Each structure stands twice: as structure tokens, then as C-alpha cells.
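# Chain and residue survey
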Amino acid sequence: VQLQAFGGGLAQAGGSLRLSCAASGRTFRTYFMGWFRQAPGKEREFVAAIRWIGGTTYHTDSVKGRFTISRDNRKNTMYLQMNNLELEDAAVYYCAAKTTYNTDLVRSEGDFDLWGQGTQVTVSS
């Protein structure tokens, strides 16, 4: 089972990018999927998460109103639409899945058990 994130790149401040995270391999149960990011010299931080069944979303305060997480169950793909990008949004973005249910907590790295590789988002002024 693999998660593959793509869609990163270079955008100007105020611009937009759309990240995708596709799951491949054997069928697995997904309870939540999420996005985290890590800027140079900083710890990895929570960005957004979505409950796979039902679609309830969670966004960290700094991206509310600018980023939107969504998913397509049939395609086993999660998205992060990033609008009005700010310089502070530049980071490597990682997607993750919670495939073993324990709690509804989704804001820490330890809440997820499957990770994809990162995709770089660069924001220029």
C-alpha cells in the first residue's frame, strides 16, 4: 500500500496550487486522511484532515478560508486546494492516512499510520 503525493511546485504569493494524494496497492480501510507540512528548520505540522466516510473536514487555523481538503472515494484520492498562498505556506507537504482506528484525533503525526513522500511547495513574492 502506498500513498503518492503530487501537484507541488512554484506559485506566487496570492496564487493557487492543488495537491493530490493517491492511494495504490491492496485495498485498505481508511478512516481519515490528512496533510502535514514541514518547512526548513521547523517541525512537521498539521494542515488539514478529512474523515473518509462522511467527509468531515478539519483545517488548522492558519489555512482556514484559504485551503480546502477534499476527497474522491472512488478514486482513492485526496486533494488540497490551496488558494491565496502566503510565503509562510512554503514547505514540503506530506499526505497521510489513518488505516487503524483508535480515536478521532487527527492533528498529530502519531494519529496517522501510513505516509506518502512529500511534495515541495514553493511560494515566491
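Here we summarise the structure given alongside this text. (Residues numbered from 1 in each chain as written. Predicted model: local features only at pLDDT ≥ 70, side-chain atom pairs only at ≥ 80, totals over all residues. Heavy atoms only, no water.)

## A few points about the overall build of the chain
Counting its regular elements, the chain contains zero helices and 11 strands. Reading the chain from its N end, one meets helices and strands in the order β-β-β-β-β-β-β-β-β-β-β. Since a compact globule built from 125 residues should have a radius of gyration of about 14 Å, the 14 Å found for the chain is in line with a globular shape. In terms of principal-axis extent, the alpha carbons of the chain reach across some 40 × 25 × 25 Å. Looking at the chain residue by residue over its 125 residues, the buried ones come to 44%. Partitioning the intrachain contacts of the chain with sequence separation of at least 6 by distance along the chain shows that 57% fall at a separation of at least 24. Summed over its atoms, the accessible surface of the chain is roughly 6,600 Å², and 45% of this surface lies on carbon and sulfur atoms. Side-chain charges of the chain comprise 14 positive and 11 negative groups, with the mean position of each set lying 8 Å from the other. (Helix = DSSP H or I, 4+ residues; strand = E, 2+ residues; numbered from the N terminus. Rg over C-alpha atoms; globule rule 2.2 N^0.38 Å. Buried < 20%, exposed > 50% of the residue type's maximum accessible area, 1.4 Å probe, protein only. Contact = heavy atoms within 4.5 Å. Areas by Shrake-Rupley, 256 points an atom, 1.4 Å probe, with all protein chains shown as cover. Lys, Arg positive; Asp, Glu negative; His and termini not counted. Charge placed at Lys NZ, Arg CZ, Asp CG, Glu CD.)

## Quick notes on the packing of aromatic side chains
The tally for this structure, following the rule as stated, stands at six aromatic pairs. The ring of Tyr79 has Arg18 sitting right over it, with the charged end atom 4.0 Å from the ring centre. One Lys or Arg, Arg44, reaches over the ring of Trp115 and ends 5.1 Å from the middle of that ring. (Phe/Tyr/Trp six-rings, centres within 6.5 Å; stacked < 30°, edge-to-face > 60°. Lys NZ or Arg CZ within 6 Å of the ring centre and 35° of its normal.)

## A word on the pattern of salt bridges
By the definition in use, this model includes seven salt bridges. Among the salt bridges present, the one from Asp89 reaches Arg37, with a minimum N-O distance of 2.9 Å. Here Asp89, found in the loop between β8 (77-82) and β9 (91-98), pairs with Arg37, found in strand β4 (residues 32-38); they are 52 residues apart in sequence, far enough to count as distant. Of the two residues, Asp89 and Arg37, both sit in the buried class. Residues joined in a network through salt bridges with shared partners are Arg37, Glu45, Arg66, Glu86 and Asp89. (Salt bridge = Lys/Arg side-chain N within 4 Å of Asp/Glu carboxyl O.)

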